[in-house]
Amino acid sequence: MEPNASISEMTGNTTRSPADLQQGSFDSFFLREQRGLLALAFALTGSHQAAEDIVQDALIATYDNWAIVAGLDQPLAWVRRVVTNRSTSLIRRRINDAKAITRIALRREQLDRGSMPSDSAHLWHLIRRLPPRQAQVITLKAVHQLSLQEIGEVLEISKETAQTHLQRGRATLTRQIEKGRQP
Amino acid sequence: MNTLDQRLDSAAADLWMEVDRAHDTVGADQLSGSQLEPNLAPVVMIRRWDSPPRPHRARIVFAVAAAAAIVGVLVVAERPGKEPVGPVTPIVPSMSPTTTADVATDRDKALAALAAEKKLLEERAAQEAARSGSTDAGAEATTTATATPSHLCTGADLTAIADSNFDSAMSNTKLVVQVTNTGSAPCSLPDAPPTLIGVDDDGTEVPLVSRADQTYFGKPQPLKGPLPAGGTAVVWIGGGRPTVCDPIDSIQRWPSILLGLPDGTTVEFTTTFDTKCGVSISPFGAS
């Protein structure tokens, strides 16, 4: 992948008809989408291992219900919703977990961060600390370049609600970045 | 483009590269397109806390990424049962994807196929329009052809109420929970049993199910199609025998219990049902 490739090129984000998805069986859907789902889960959790677990579980749910999911208008939107819901649930469970387990998880996250430049890693860290809906909207916008309409379809919220979450999240991020610059 | 947009774009690009980097390094040989035979859906039966071993079925135990990096093996164990199970040749895709080059190649192929598909669809649409004109019959046919099936039920579609009376037999207890589609459209309940989560006073969520398939009392009659708006279904929850768990005189009750759906959303209900000795849960069925 070229480092300066555009996001849409990197994501391979294209509009696919239901007919296309129905013709392709679950395996082709899996091959096509699992990378993007991993990116989404990783963005929301900050952990590769957690992302893999979440995407595997989401794809199991998809596989179990493939006859129905494949017939949906937007199968990918449904699977993305599963991933965002489960990523949020994971974060919520972590908060509720015992301190020792949290420490272990955080240590694992630190190991997971890998080689991402610190500026970007910090920005994702800030995004993950936003209220869940704001984090989800900003992540879907940034990672998958989705429109507000598409984000609304993934999260089952209106376009206007998505816009509100986006604006609030961006405002918070801007404030926090400015705050970080102050000596 | 302002500074935040630039930073978000940059962070997104770094994230994609990080995902490729991380998943190139572990078990990248398990998911090339050529390994997936046409028409052979991959089996993705992996570890699930809510899916205990089921008799008469092959059980696939999947060694996940970290273990796969070391061992790289897949263990397929067949449990003994009265009904022999046929040979199982699963393809278990790792969550570690192809290399970056493979992904790029796959994407190029997919994009080319999509472009061809789009062109074909446009041609067909043009032919259809030319053939049917703007007649009502043509419009009706199109509407029928594009009708979409019901969506999968989510927590937002459903409410749940637990029966206050518990059935019992041979010291086993049974709770019936009725779910209602409060949405405005039909929705489909999953075939697999929901998960069951106890929520304590602190909001901590504790997985409860020790057996997800059926209860001591069996399971309800299968649903016949999607749940219409206003329609109801039930799920049976079984409680273990109190004589087989210690201490015998203790109980475990929860301020609320959640039914977990495949998309990660939940439906809450309250009950005084005792879960101390383990619980089992059935799939959704007809009420």
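That block above? That's the structure.
Residues numbered from 1 in each chain as written. Chains lettered and ligands numbered in written order. Predicted model: local features only at pLDDT ≥ 70, side-chain atom pairs only at ≥ 80, totals over all residues. Heavy atoms only, no water.

## Here we look at the overall build of chain A
Next, step 1: From N to C terminus, chain A includes eleven helices and zero strands.
Next, step 2: Listing the helices and strands of chain A from first to last along the sequence gives α-α-α-α-α-α-α-α-α-α-α.
Next, step 3: Relative to its full complement of 183 residues, chain A shows a buried share of 54%.
Next, step 4: Counted over contacts in chain A with a minimum sequence separation of 6, partners at least 24 positions apart contribute 68%.
Next, step 5: Roughly 8300 Å² of accessible area belongs to chain A as shown, and the carbon and sulfur atoms make up 50% of that amount. (Helix = DSSP H or I, 4+ residues; strand = E, 2+ residues; numbered from the N terminus. Buried < 20%, exposed > 50% of the residue type's maximum accessible area, 1.4 Å probe, protein only. Contact = heavy atoms within 4.5 Å. Areas by Shrake-Rupley, 256 points an atom, 1.4 Å probe, with all protein chains shown as cover.)

## Quick word on helix H10 (residues 148–155) of chain A
All names here are of chain A.
Next, step 1: Among the residues making up H10, those that are buried are Leu148, Ile151, Gly152, Val154 and Leu155. For H10, the arc enclosing every buried residue in end-on projection is 160°, short of the 170-degree limit, so these residues lie on one face.
Next, step 2: Phi turns positive, to about 55°, at Glu156, one or two residues after H10. (Arc of directions from axis to C-beta.)

## Some remarks on unusual backbone geometry
Residue and element names in this part refer to chain A.
Next, step 1: In this model, Gln145 sits at a positive phi of 55°, which is unusual for a non-glycine residue.
Next, step 2: Relative to the helices and strands, Gln145 resides in the loop between helix H9 (132–144) and H10.
Next, step 3: At Glu156, a residue that is not glycine, the phi angle is positive and equals roughly 55°.
Next, step 4: Using a relative accessible area of 40% as the deciding quantity, one classes Glu156 as partly exposed.

## A look at the pairing of strand E6 (residues 172–181) of chain B
Residues and elements named next belong to chain B.
Next, step 1: The buried fraction of E6 amounts to seven of the ten residues, a majority that puts the element mostly inside the structure.
Next, step 2: Taken together, the five bridges between strand E4 (residues 158–162) and E6 define a ladder with antiparallel strand orientation. By the bridge assignment, Leu158 is partnered in E6 with Asn181.
Next, step 3: In this sheet, strand E11 (residues 232–239) lies alongside E6 in antiparallel orientation, the contact comprising eight bridges. Pairing of Val176 across the sheet is with Trp236, part of E11. (Pairing = 2+ DSSP bridges.)

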